[in-house]
Amino acid sequence: MTHEWNRSFLITAIIGLGAISAVSAHAKDKTPEYRATAIEPISDTIIARETVWRCTDGECRAKKSSSSAHHVCVRLVREVGKLEKFSFRETSFDADKLAKCNSRAR
């Protein structure tokens, strides 16, 4: 009887851990990986290659991409024009990186 109780407990624990992982993955998914501020105000949804941007009054946010942050920035400036700011995971591009990205604007 003890063996069956241990097995039931183990199965319940595994299911509980799976649920916790799913909840934390869902919460992380809602946090934007990328943030940008366009010089020209834009309020639209932009799809720049595989990255979906949601922009409101020039403030744009996107979740994740398999590309480098520089490439994500370049693809966005090709769609919306030059940016005032660009950050990836709370780390802002410095002036040189931003200028390099903006040089590829439309």
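Structure's up top.
Student: What is the right way to read the nonpolar core from this model?
Tutor: Looking at soluble globular proteins, one finds that nonpolar side chains tend to be buried together. Counting 22 residues, the largest nonpolar core has Trp53, Leu83 and Phe86 as its most contacted members. Counting only elements with at least two residues in this core, the list comes to strand E1 (34–38), strand E2 (44–48), strand E3 (51–56), strand E4 (59–62), helix H2 (69–80), strand E5 (83–88) and helix H3 (95–102). By residue number, the principal contributor to this core is H2, which donates 7 residues.

Student: Looking at this structure, I do not really get the packing of aromatic side chains. What am I missing?
Tutor: In this description, a pair of aromatic rings is defined by centroid distance and the angle of the planes. For the coordinates displayed, the defined rule picks out 5 aromatic pairs. Measuring from centroid to centroid gives 4.7 Å for Phe86 and Phe93, while their planes differ by 65°, and the two rings are edge-to-face. Here Phe86 matches Phe93 in class, with each residue buried. Among the aromatic residues, ring-to-ring pairing joins Tyr34, Trp53, Phe86, Phe88 and Phe93 into one connected group. The ring of Phe93 has Lys97 sitting right over it, with the charged end atom 5.5 Å from the ring centre.

Student: Where do I start with the state of the cysteines in this structure?
Tutor: One covalent bond between the sulfur atoms of two cysteine residues makes up a disulfide. If you walk through the whole model with that rule in mind, you get 2 disulfides. A disulfide bridge connects Cys55 with Cys60, and the sulfur atoms are separated by 2.1 Å. Judged by the sign of its S-S torsion, about 115°, the bond between Cys55 and Cys60 is right-handed. Residue Cys55 shares its accessibility class with Cys60, and that shared class is buried. Each sulfur of the disulfide joining Cys73 and Cys101 lies 1.9 Å from the other.

About the criteria used
Residues numbered from 1 in each chain as written. Predicted model: local features only at pLDDT ≥ 70, side-chain atom pairs only at ≥ 80, totals over all residues. Heavy atoms only, no water. Core = buried A, V, L, I, M, F, W, Y, C linked by side-chain atoms within 4.5 Å. Buried < 20%, exposed > 50% of the residue type's maximum accessible area, 1.4 Å probe, protein only. Helix = DSSP H or I, 4+ residues; strand = E, 2+ residues; numbered from the N terminus. Phe/Tyr/Trp six-rings, centres within 6.5 Å; stacked < 30°, edge-to-face > 60°. Lys NZ or Arg CZ within 6 Å of the ring centre and 35° of its normal. Disulfide = S-S within 2.5 Å.

Any functional reading would require information that these geometric values do not contain.
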